[in-house]
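A structural walkthrough
Next come the chains, spelled out residue by residue.
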Amino acid sequence: PQGLLVVTEDKQAPGRQTLEQRWRQSLPDVVDRIVFVPRQEGSGYTSLLRSADVLLDPPHFGGVNSSYDAFAHGKPIVTLPSPYHRGRYTLGCYRKMGLTDCVAESSEQYIERAVALGCDPGLRRRTEQAIREASSELFEDAAAVTEHVRLFTELIEAARTQA
């Protein structure tokens, strides 16, 4: 009830005016709690990320870098995976970590989980702790390093033989 939705402006997303107009029509009772901020770089981005109670993985777009950044800070991200590749990155990260509490199966569940994390500090702390404990599955995966070494070695050898 006291929450704010903070939206970063993005060159690739629909313009702010388009979104504001859409939200004024569809969410007139809460549109005053939607705040737009300019796209952030460096420490501004990190500060914004760390100040959030919960992040929302936008349906049909999804996060890649921002999901990894959020998980590195132990931040929960509520996701509703789409059928498309671009909307499934956060799901993949959660599966790799063995966590599914923030993965929704419907729009209603997406909202419920986001609100619960935003309103329940105990739930949020437990979820953040679980993410911090499991994030080594993402960030310390020796098999991923080994596969990168294999791939780059193969590509370098292929380039040398073609030269």
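Refer to the structure printed above.
Criteria and thresholds
- Think of each chain on its own: its residues are numbered from 1, step by step along the sequence as written.
- Residues qualify for local features only when their pLDDT is at least 70, as the model is predicted, and side-chain atom pairs are given and counted only at 80 or more; totals for whole chains, interfaces and linings, by contrast, use all residues.
- Note that water and hydrogens are dropped before the side-chain values are worked out from all heavy atoms of the structure.
- By definition, any uninterrupted DSSP run of H or I lasting at least four residues is a helix, any uninterrupted run of E lasting at least two residues is a strand, and each is numbered from the N terminus.
- For each residue, the accessible area found with a 1.4 Å probe, counting protein chains only, is set against the maximum for its type, and the residue is called buried under 20%, exposed over 50%, and partly exposed in between.
- We call two residues in contact whenever any of their non-hydrogen atoms come within 4.5 Å of each other.
- Under the convention used here, a 1.4 Å probe and the Shrake-Rupley method define accessible areas, while residue burial counts only the protein chains that appear.
- Here the positive residues are Lys and Arg and the negative ones are Asp and Glu; neither His nor the chain ends is included.
- Every charge is mapped onto a representative atom, which is NZ of Lys, CZ of Arg, CG of Asp or CD of Glu.
- Salt bridge, as applied in this entry: a Lys or Arg side-chain nitrogen positioned within 4 Å of an Asp or Glu carboxyl oxygen.
- Orientation is described by lines fitted to C-alpha atoms, with helices fitted over the stretch in contact, and by angles between N-to-C directions that extend from 0 to 180 degrees.
- For classification purposes, angles smaller than 35 degrees are called roughly parallel, those larger than 145 roughly antiparallel, those between 65 and 115 roughly perpendicular, and all remaining angles oblique.
- Think of it as three bins: nonpolar holds Ala, Val, Leu, Ile, Met, Phe, Trp, Tyr, Cys and Pro, charged holds Asp, Glu, Lys and Arg, and polar takes everything else, Gly as well.
- In this description, a nonpolar core means a group of buried Ala, Val, Leu, Ile, Met, Phe, Trp, Tyr and Cys residues linked to one another through side-chain atoms lying within 4.5 Å.
- Centres within 6.5 Å make a pair out of two Phe, Tyr or Trp rings, where for Trp the six-membered ring is used; the pair is then stacked when the planes are under 30 degrees apart, edge-to-face when over 60, and tilted otherwise.
- We call a charge positioned above a ring when the Lys NZ or Arg CZ atom is no farther than 6 Å from the ring centre and deviates by at most 35 degrees from the ring normal.

**Here's the deal with the overall build of the protein**
Scanning the protein from N- to C-terminus turns up 8 helices and 4 strands. Listing every helix and strand of the protein by position from the N terminus yields β-α-β-α-β-α-β-α-α-α-α-α. Taking the principal axes of its C-alpha atoms as reference, the protein extends roughly 65 × 35 × 35 Å. By the burial criterion, 28% of the 163 residues in the protein qualify as buried. Sequence separation of 24 or more characterises 57% of the internal contacts of the protein that already satisfy a separation of 6 or more. A total of about 11000 Å² of accessible surface is found on the protein, and carbon and sulfur atoms cover 53% of it. Here the protein contributes 19 positive and 22 negative side-chain charges, whose respective centroids are spaced 2 Å apart.

**Some thoughts on the pattern of salt bridges**
A full pass over the atoms with the stated rule returns 9 salt bridges. For the salt bridge of Arg16 with Glu9, the shortest nitrogen-to-oxygen distance reads 3.0 Å. Lys75 is the partner of Glu128 in a salt bridge, and the nearest nitrogen-oxygen pair spans 3.8 Å. You can see Glu128 sitting in helix 6 (residues 121-134) and its partner Lys75 sitting in the loop between helix 3 (65-72) and strand 4 (77-79), a full 53 residues away along the chain. You'll find Glu128 and Lys75 in the same group, each marked buried. Each of Glu9, Arg16 and Glu20 takes part in one network of salt bridges that share partners.

**Here we look at the packing of helix 5 (residues 107-119) against helix 6**
Interaxial distance between helix 5 and helix 6 falls to 5 Å at its minimum, and their mutual angle equals 100 degrees. It follows from the interaxial angle that helix 5 and helix 6 lie roughly perpendicular. Residues Ala116, Leu117, Gly118 and Cys119 of helix 5 pack against Pro121, Leu123, Arg124 and Thr127 of helix 6. Of the residues that constitute the contact of helix 5 with helix 6, the class distribution is 5 nonpolar, 2 polar and 1 charged.

**Examining the nonpolar core**
Membership of the largest hydrophobic core comes to 22 residues, with the highest contact counts inside it found for Leu55, Phe71, Ile77, Tyr94, Met97 and Leu99. Of all the elements in the fold, those that place two or more residues in this core are helix 3, strand 4, helix 4 (89-97), helix 5 and helix 6. If you tally residues by element for this core, the top one is helix 4, at 4 residues. In contact with Phe71, other than residues within four places in its own chain, are Ile77, Thr90, Cys93, Tyr94, Met97, Ile131, Ser135, Leu138 and Phe139.

**Describing the packing of aromatic side chains**
Taken as a whole, this structure holds 3 aromatic pairs when the rule is applied. Relative to Phe139, the ring of Tyr68 has its centre 6.2 Å away and its plane inclined at 65 degrees; by these criteria the two rings are edge-to-face. With a gap of 71 residues between them, Tyr68 in helix 3 and Phe139 in helix 7 (residues 136-139) connect regions that are remote in the sequence. For Phe139, a relative accessible area of 39% puts it in the partly exposed group. Above the face of the Tyr84 ring, Arg86 is positioned so that its terminal group lies 5.0 Å from the ring centre.

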